[in-house]
Amino acid sequence: MEILLYLGGILFMLIGLGLSIGLHEVGHLVPAKLFGVRVGQYMIGFGPRLWSKRIGETEYGFKMLPLGGFISMSGMYPASKNAGPARGIFRSLIQDARSANDETIAEGAEDRVFYKLPVWQRVVVMLGGPFMNLILALIIFTVLVSGIGVQQGTTTIASVTECVVPAGSQTTECSAEEPASPAAEAGIKPSDVIVSIDGQPVSTFAEATAIVQKAPGRTLEMVVRRDGAEKTLRITPIAAERKITDASGQPILDEAGDPVVKTVGYVGMGAQMGYVQQPLTAGPQMTADTVSRVGSLIVTLPVRMWDIGVSLVTGGERDPNGPLSVVGVGRLAGEVAATDAPVLNRFAVLLGLLGSLNVALFVFNLVPLLPLDGGHVVVALWEGIKRVWAKLFRRPPPAPVDATRLVPLTVVVAVLLIGMGALLLVADLFNPISILQ
């Protein structure tokens, strides 16, 4: 059964990745067709063709390697002039790119080409793909936090500590010298539901904790619901050193990675964990936070890739927040699906992983280097700047920017991307990140 669950997690992520890639390409396809560009192919995957069907002028299909996708737009670059034989490897690459580009321009459709679109339309076409991933991430995170909810302490009491145990103590046994906890003295019982504290209604355990921690030595009225009836109790928090936790009950860490300990009001009661639905604004906020984290990862990618290479050679532990290949994401999804946890918990983690994957597709494709979408945006904007400059100084309109001249740089970037993908793949096979670590 565990193996089936593991495979189910991988299948979930593969389907999610396929949909994410498919929608990314739809983000390019739809505006391209709306602006009149001839689109010859819409493909999911690379390598040998598995299946395809031509609808109108466009061939739709799947290829063997599910590592991405593409659409083939007519005339990505200006049509080449007749040129003599290419000399040198870079000139040969440029000539090959121009020849391949010319083959996409169909007879009678010379005006339905990408490079003749206005600059703003080219930018819309190229940003359409990443934008679709951003929208998909926003939908996923909104469903996750506002539909399912965030797991945190609820207002239902799960446990009451009988005595005040010093912070950091390795035992939960009460001795004769240790005083009874304020919660036990006040008569709080497991299954009580907190309604209000000190006249303030509370909807989460974090809100209740915040009130208690600010009131050491002060007697508070606490209204609880017990057996369907409300009951008012009087409780006096004591001053105690305690680890500060967030809304989900996880310790807050300082810069050194150690739990933050403060003297706060303490009563000795624990919350029952549950999913608490967040307002609709939480989904966009979670998306923005994830974009920021992924952006920081992209900026520091060379250093992180070096660290991955070192850990692969030395067998050291990898950064759990570092980049992953498709294999690494699949392994994590399989582990999550096979863990001994409630189904809803596992589904929520898988959903969050898929949302983060779409954010990664969004951010990575905005890198301003060809062959990524961001590189095509830069080329279009550069042409726009040249046109504005010519208009300001009343010069003739400049010729369209010939991005095939950047083919050598594009090849270098492509080789680096392939090398990075290969390193991540090997690392995820032989030194994987695991949730079980």
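Now for a quick tour of the structure. Note that the structure is predicted; figures quoted are calculated from it, not measured.

For the rest of this paragraph, the subject is the packing of helix α2 (residues 89-103) against helix α11 (residues 407-430). Here α2 crosses α11 at 95°, and the two axes come no closer than 9 Å. Relative to α11, the element α2 is oriented roughly perpendicular. Each of Phe 90, Leu 93, Ile 94 and Ala 97 in α2 lies in contact with α11, whose residues at this interface are Val 407, Pro 408 and Val 411. Taken together, the residues of the contact of α2 with α11 break down into seven nonpolar, no polar and no charged.

Across the junction of Leu 370 and Pro 371, the peptide omega takes the value 15°, indicating a cis bond. The phi angle at Asp 227 is positive, at roughly 55°, despite the residue not being glycine. Tracing the sequence through the fold places Asp 227 in the loop between β6 (220-226) and β7 (229-235). Residue Asp 227 is classed as exposed on the basis of its relative accessible area of 81%. Positive phi, normally seen in glycine, also occurs at Arg 394, with a value near 55°. Among the structural elements, Arg 394 can be located in the loop between α10 (373-392) and α11.

On to the pattern of salt bridges, then. Tallying each qualifying case throughout the model produces eleven salt bridges. For Glu 383, the salt bridge goes to Arg 122, with nearest N and O atoms at 2.8 Å. Highlighted residues: Glu 383 in helix α10 and Arg 122 in helix α3 (residues 119-148), separated in sequence by 261 residues. Taken individually, Glu 383 and Arg 122 each receive the classification buried, so the pair is uniform in this respect. For the salt bridge of Glu 221 with Arg 234, the shortest nitrogen-to-oxygen distance reads 3.7 Å. You can see Glu 221 sitting in strand β6 and its partner Arg 234 sitting in strand β7, a full 13 residues away along the chain. Relative accessible area serves as the criterion here: at 57%, Arg 234 is assigned to the exposed category. A cluster of three or more residues bridged by salt bridges with shared partners is formed by Arg 122, Glu 383 and Arg 387.

Let's shift gears to a nonpolar patch on the surface. A cluster of nonpolar side chains, Leu 14, Phe 46, Leu 50, Trp 51, Phe 62, Met 64, Leu 65, Leu 67 and Val 326, forms an exposed patch at the surface whose accessible area comes to about 890 Å². Residue assignment for the nonpolar patch shows that the elements contributing at least two residues are β1 (39-55) and β2 (58-73). Take the nonpolar patch: its biggest share by element is four residues, from β2. With respect to the secondary-structure elements, Phe 62 resides in strand β2.

Our next topic: the packing of aromatic side chains. Where two aromatic rings form a pair, the distance of their centres and the angle of their planes describe that pair. Applying the stated rule across the entire model yields six aromatic pairs. Aromatic side chains Phe 12 and Phe 347 sit 6.2 Å apart centroid to centroid with 75° between the ring planes, which places their arrangement in the edge-to-face category. Linking Phe 12 in helix α1 (residues 2-34) with Phe 347 in helix α9 (residues 343-365), this pair joins segments that are 335 residues apart in sequence. Since its relative accessible area comes to 37%, Phe 347 is described here as partly exposed. With 5.7 Å between their ring centres and 50° between their planes, Tyr 42 and Tyr 60 make a pair best called tilted.

Here β6 runs beside β7; their pairing, made up of seven bridges, is antiparallel. Bridge assignment links Arg 225 to a residue of β7, and that residue is Glu 230. Joining the antiparallel neighbours β6 and β7 is a turn of two residues, in which Asp 227 adopts a positive phi near 55°.

On to the side chain of His 376, then. Along the chain, His 376 falls in helix α10. Contact partners of His 376, with chain neighbours within four places excluded, come to Met 76, Tyr 77, Met 126, Leu 370 and Pro 371.

For helix α7 (residues 301-314), built from 14 residues, the straight-helix expectation of 20 Å at 1.5 Å per residue is met to within 8% by its first-to-last C-alpha distance of 20 Å. Residues of α7 that are buried: Leu 301, Met 305, Ile 308 and Ser 311. On an axial view of α7, the arc spanned by its buried residues comes to 125°, and they lie on one face. Facing away from the buried surface of α7 by more than 90 degrees, the exposed residues are Pro 302, Val 303, Trp 306, Val 313 and Thr 314. The secondary structure elements touched by the buried residues of α7 are α6 (282-299), α9 and α11. Where α7 terminates, the next one or two residues include Gly 315, which has phi positive at roughly 80°.

Analysis parameters
- Residues numbered from 1 in each chain as written.
- Predicted model: local features only at pLDDT ≥ 70, side-chain atom pairs only at ≥ 80, totals over all residues.
- Heavy atoms only, no water.
- Axes fitted to C-alpha atoms, helices over the stretch in contact; angles between N-to-C directions.
- Helix = DSSP H or I, 4+ residues; strand = E, 2+ residues; numbered from the N terminus.
- Parallel < 35°, antiparallel > 145°, perpendicular 65-115°, else oblique.
- Contact = heavy atoms within 4.5 Å.
- Nonpolar A, V, L, I, M, F, W, Y, C, P; charged D, E, K, R; others polar.
- Buried < 20%, exposed > 50% of the residue type's maximum accessible area, 1.4 Å probe, protein only.
- Salt bridge = Lys/Arg side-chain N within 4 Å of Asp/Glu carboxyl O.
- Patch = residues over 30% accessible without salt bridge, like charges linked within 9 Å, V, L, I, M, F, W, Y side chains within 5 Å.
- Areas by Shrake-Rupley, 256 points an atom, 1.4 Å probe, with all protein chains shown as cover.
- Phe/Tyr/Trp six-rings, centres within 6.5 Å; stacked < 30°, edge-to-face > 60°.
- Pairing = 2+ DSSP bridges.
- Expected span 1.5 Å × (residues − 1).
- Arc of directions from axis to C-beta.

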